[in-house]
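Residue-level structural notes
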Amino acid sequence: MLVGLCGKTNVGKTTFFNALTLANAKVAPHPFTTINANEGVGYVKIKCVCKEYGVKCNPKTGFCLNNYRFIPVKILDVAGLVRDAHKGRGLGNKFLDDLRKADVNILVVDASGRTDEEGKPCKKGTYDPIEDVNLVMNEFTFWIRDLLIKNWRKILGKLLKDPTKFEEILLQELSGLGLKRASLKSSLDETGLRNKKPRDWTSQDLMNFARKLLEHGKPFIVAANKIDVENSSVNVEKIMDKGYTVIPTSAEAELALRKASEKGIISYVPGEEKFKLIKQEVPTEIKKALELIDKRVLRKWGSTGVQQCLNKAVFETAHYIAIFPVENEKTLTDHQGNVLPDVYLVPKGTTVKQFAGLIHTDLEKTFLFALLVNENNKRVGADYALKHRDIVKIVSAKGRK
Ligand SMILES: Nc1nc2c(ncn2[C@@H]2O[C@H](COP(=O)(O)OP(=O)(O)OP(=O)(O)O)[C@@H](O)[C@H]2O)c(=O)[nH]1
Ligand SMILES: [Mg+2]
């Protein structure tokens, strides 16, 4: 699972990335600080099953903190964009090329409204951050449209030879976008283009189709960032009113809290509404900064929003679920005795046999049935669609020998 961070330049993408990954990627108050994409590991947070079963986890990946399980996901922070990036302006369309790999995107906007279209500082009230969302959507759409235009002759040529295979040909020619067939189908249906001969498609048709492909194939969630700045709430509401899924965030506050926690100054579980000072002697400026975060972010908004945003992106926008595989259904361990060693993130609808294949191809080939530990070891067959937080033991012919 790869989560992309995209948006206009200078809105706080890298700060968001650093907060999620505790990396030290370069952050600066001017446009185009990031040139090459930063890749790192962040964690989605779920209620762990360990408490319900009275066991203590030994995670092989991620970690368990206060009975919350943190599961690794790859995070990609890309170069910022400006209008006409698809034509090569600013840092050009390199960011789009990076982003096409992401399963879901977090579109970061500057909800303080203090950076203009070019990412330069501006006076409050002179720029509407909804434009930050429109900018990304438009640039992405133009980029997909251009990709269609570039390949259209080839697509029509292939279609002449094989007139019934339009969907397959499109999927093949747009394979770089990583689209699923279902997204393609919905886009053809909703644009009404299914019944129009591809050779008659107009440039407006290609544009409409590109927009739908983006909507269905590249889901995104908006992080309305910099909510620690006064008067950001008006802008947050404005973006919500447009119907987007929006999480108000302060990447800077989350980064400060995670760093303070790492240094042993505070105890803080990412995503929570409060932290506790645990170090006795703390420099006054750090104490003041923490007090400000408490007042301007935590008390006002309930959390910094960063963890919530990642969680929502993965579990709600991208529709993934978390599954705990175990080899011993009584002790919830693997063969080395590690308790609840792994959690897998898989798309909703994944069957238990497909899941076996993710663990090991042999396990899928020799699959017999599975036991759902969280449902009194109920026996389920290959086609059972897994549910969020299922604990599963796969029984295979190989394992039985
Ligand atoms: N007040 C406030 N400032 C923030 C927040 N997040 C980031 N910033 C500031 O915004 C500026 C830009 O941050 P970056 O993380 O470099 O932004 P970016 O979107 O990665 O920028 P580019 O890589 O240049 O496109 C820096 O001065 C950050 O300190 C936030 O939550 N609140
Ligand atoms: Mg950056």
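Residues numbered from 1 in each chain as written. Chains lettered and ligands numbered in written order. Predicted model: local features only at pLDDT ≥ 70, side-chain atom pairs only at ≥ 80, totals over all residues. Heavy atoms only, no water.

**Focus: helix α10 (residues 284-301)**
Applied cut-off: The helix and strand labels rest on DSSP assignments: H or I over at least four residues marks a helix, E over at least two residues marks a strand, and numbering proceeds from the N terminus. Expected span of a helix, by definition, is 1.5 Å for each gap between consecutive residues, and there is one gap fewer than residues. Note on bend: the value at a residue is the angle between axes fitted to the seven residues ending there and to the seven starting there. The criterion used for residue contact is that any of the two residues' heavy atoms lie within 4.5 Å.
The terminal C-alpha atoms of α10 lie 25 Å apart, and with 18 residues this matches the ideal 26 Å at 1.5 Å per residue to within 8%. The sharpest bend along α10 measures roughly 35° and falls at D294. Those residues of α10 that are buried lie in contact with α9 (251-262), β8 (266-267) and β9 (276-277). Directly after α10, the chain includes G302, whose backbone phi takes a positive value near 90°.

**What to know about the site of ligand 1**
Selection criterion: Working definition: residue near molecule or strand if any one of its non-hydrogen atoms lies within 4 Å of it. Here a polar contact means two N or O atoms within 3.5 Å. Within protein one must be a hydrogen donor candidate and the other an acceptor candidate, and residues neighboring in sequence count only if both atoms are side-chain atoms. Surface accessibility in these figures is a Shrake-Rupley result with a 1.4 Å probe; residues are shielded only by whichever protein chains are displayed. Any residue outside Ala, Val, Leu, Ile, Met, Phe, Trp, Tyr, Cys, Pro, Asp, Glu, Lys and Arg is labelled polar, Gly included; the first ten of those are nonpolar and the last four are charged.
For ligand 1, the set of nearby residues contains 23 residues, the closest of which are K13, T15, T33, D228 and E252. Taking D228, its side chain carries an N or O atom lying 2.8 Å from a nitrogen atom of ligand 1. Contact distances for ligand 1 include 3.0 Å between an oxygen atom and a backbone N or O atom of A251. Burial of ligand 1 by the protein chains amounts to 91% of its free accessible area of 660 Å². Among the secondary structure elements, those contributing two or more residues to the shell around ligand 1 are α1 (13-21) and α9. If one sorts the elements of the shell around ligand 1 by residue count, α1 sits on top with three residues. The residue makeup of the shell around ligand 1, split by class, is eight nonpolar, eleven polar and four charged.

**Quick look at the packing of α1 against helix α11 (residues 306-317)**
Heads up, the rule is: All axes here are fitted lines through C-alpha atoms, helices being fitted over the stretch that makes contact, and every angle between N-to-C directions spans 0 to 180 degrees. Here is the rule for angles: anything less than 35 degrees is roughly parallel, anything more than 145 is roughly antiparallel, 65 through 115 is roughly perpendicular, and the remaining ranges are oblique.
Axis separation between α1 and α11 bottoms out at 10 Å; the angle between their running directions is 90°. With respect to α11, the axis of α1 lies roughly perpendicular. Between α1, through F16, A19 and L20, and α11, the contact on the second element is made entirely by V306, C309 and L310. Residue classes in the contact of α1 with α11 are distributed as six nonpolar, no polar and no charged.

**Observations regarding helix α5 (residues 166-173)**
Since the α-helix turns once every 3.6 residues, residues separated by three or four places project in the same direction. So the rule is basically this: Remark: exposure states derive from per-residue accessible area (1.4 Å probe, protein chains only) relative to the maximum for the residue type, with buried under 20%, exposed over 50%, and partly exposed in between. Our arc is simply the arc of the directions from the helix axis toward the C-beta atoms.
Of all the residues in α5, the buried ones are F166, E167, I169, L170 and E173. All buried residues of α5 fall inside an arc of 165° around its axis, so they share one side.

**Overview of the domain arrangement of the protein chain**
As a reminder of what qualifies: Boundaries between domains were set according to an automatic or database domain assignment. Two parts placed together each lose some accessible area under a 1.4 Å probe, and the buried area is that loss summed for both. Whenever Lys or Arg places a side-chain nitrogen within 4 Å of a carboxyl oxygen from Asp or Glu, that contact is recorded as a salt bridge.
For the protein chain, the domain assignment lists domain 1 (2-117 + 219-314), domain 2 (139-216) and domain 3 (318-400). A straight line from the C-alpha centre of domain 1 to that of domain 3 covers 31 Å. Of the roughly 1700 Å² buried where domain 1 meets domain 3, counting both sides, 61% is carbon and sulfur surface. Contact with domain 3 buries surface across domain 1, with V49, Y53 and K60 losing the most and accounting together for 30% of the total. Taken together, the connections running from domain 1 to domain 3 amount to three salt bridges. Here D334 makes a salt bridge to K60, at a shortest N to O gap of 3.8 Å. Taken together, the links from domain 1 to domain 3 amount to ten residue pairs in polar contact (both at pLDDT 80 or more). The greatest single-element share of the side of domain 1 that touches domain 3, amounting to four residues, is contributed by strand β4 (residues 68-77). Classifying every residue of the side of domain 1 that touches domain 3 by side-chain character gives 15 nonpolar, two polar and six charged.

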